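Survey of secondary and tertiary structure
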Amino acid sequence: MMLRDRLLDAAVKVYGAHGYRGATTRRIADAAGVNEVTLFRTFGSKAALIDEAVRARSGASGVASLPVEPADPQAELTAWATALHGHLRRMRSLIRKCMSEMEERPKMSGAACEGPTWAARELRDYGERLRYHALVAPAADFAAAGTMLLSALMHDAMGRELMPGIFPVPAASAPAQYVRVYLRAMGVRASTAASSASTRAPRRRAAATNGHARSSSAS
């Protein structure tokens, strides 16, 4: 692992455990296996290091985007929600610390929210695509349904250890259950989605074939 990445990972770990004041440069340097001089030469200051670490590690870069062309909403959303839930659980200590220090360091709190903010946009745009393909009920409120899904994933990731009694479903299967509730709120039925996806493909192939035939006859 590159030196810069080692320092970023160490800063996230130490900050998540001790907060900004407790995340001393010595602790971070020890966790990264370097001396403090190397830390300052690489980042210049503790503030610069922790700010970059929060921004770099809290984004949901490991979570793939939802498909541009919906085919199986239940499978697609379940895979996406499971990956997002896993990312939030891995970053939960960091996010908690950022939230607890929000008034003192608002910039860092904003950086920690980049992942959930990206997820909200992804889900909103995917809901619009479901509506475009008539895979949801005409009156579906995908903004409210999306907020409920993201809130459930976030609350589960952040609070499962603190309030285990309100999460009867195991963490591994919880995202799939939240997605099922979301799809019901949107009026999406698995059979309808599968049927729609299977009929769109032949239509696209037929359109492409007809277009090719017209082009050949014209020439």
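Structure: above.
Residues numbered from 1 in each chain as written. Predicted model: local features only at pLDDT ≥ 70, side-chain atom pairs only at ≥ 80, totals over all residues. Heavy atoms only, no water.

Across its full length, the protein chain holds 11 helices and 0 strands. Each helix and strand of the protein chain, placed in order from N terminus to C terminus, yields the pattern α-α-α-α-α-α-α-α-α-α-α. Here the protein chain, with 219 residues, has 42% of them falling under the buried criterion. A separation of at least 24 residues holds for 72% of the contacts in the protein chain among residues at least 6 apart in sequence. Entry remark: accessible area of the protein chain is about 11900 Å², with carbon and sulfur atoms responsible for 57%. (Helix = DSSP H or I, 4+ residues; strand = E, 2+ residues; numbered from the N terminus. Buried < 20%, exposed > 50% of the residue type's maximum accessible area, 1.4 Å probe, protein only. Contact = heavy atoms within 4.5 Å. Areas by Shrake-Rupley, 256 points an atom, 1.4 Å probe, with all protein chains shown as cover.)

Its location among the elements puts A172 in the loop between α9 (142–159) and α10 (174–186). Overall, A172 belongs to the exposed group, its relative accessible area being 72%. Residues A172 and T82 lie 90 residues apart in sequence; the distance between their C-alpha atoms is 7.8 Å.

Turning our eyes to something else, we now look at the packing of α9 against α10. Where α9 contacts α10, the axes come no closer than 9 Å and their chain directions differ by 165 degrees. In this view, α9 runs roughly antiparallel relative to α10, as classed from their interaxial angle. As for the relative orientation of α9 and α10, their crossing is right-handed in sense. Across the interface between the two elements, F142, A145, G146, L149, A152, L153 and D156 of α9 pack against A174, P175, Y178, V179, Y182, A185 and M186 of α10. Across the contact of α9 with α10, the residue classes break down as 12 nonpolar, 1 polar and 1 charged. (Axes fitted to C-alpha atoms, helices over the stretch in contact; angles between N-to-C directions. Parallel < 35°, antiparallel > 145°, perpendicular 65-115°, else oblique. Left-handed = near helix turned anticlockwise from the far one by under 90°. Nonpolar A, V, L, I, M, F, W, Y, C, P; charged D, E, K, R; others polar.)

This part is about the pattern of salt bridges. Following the criterion strictly, the structure yields 10 salt bridges and no others. Here D5 makes a salt bridge to R57, at a shortest N to O gap of 3.5 Å. With a gap of 52 residues between them, D5 in helix α1 (residues 3–22) and R57 in helix α4 (residues 46–58) connect regions that are remote in the sequence. Classification of D5 as partly exposed rests on a relative accessible area of 31%. The partner of R124 in a salt bridge is D125, with the nearest N and O atoms 3.2 Å apart. Assessed through its relative accessible area of 28%, D125 is described here as partly exposed. Each member of the salt-bridge network shares a partner with another, and the members are D5, D9 and R57. (Salt bridge = Lys/Arg side-chain N within 4 Å of Asp/Glu carboxyl O.)

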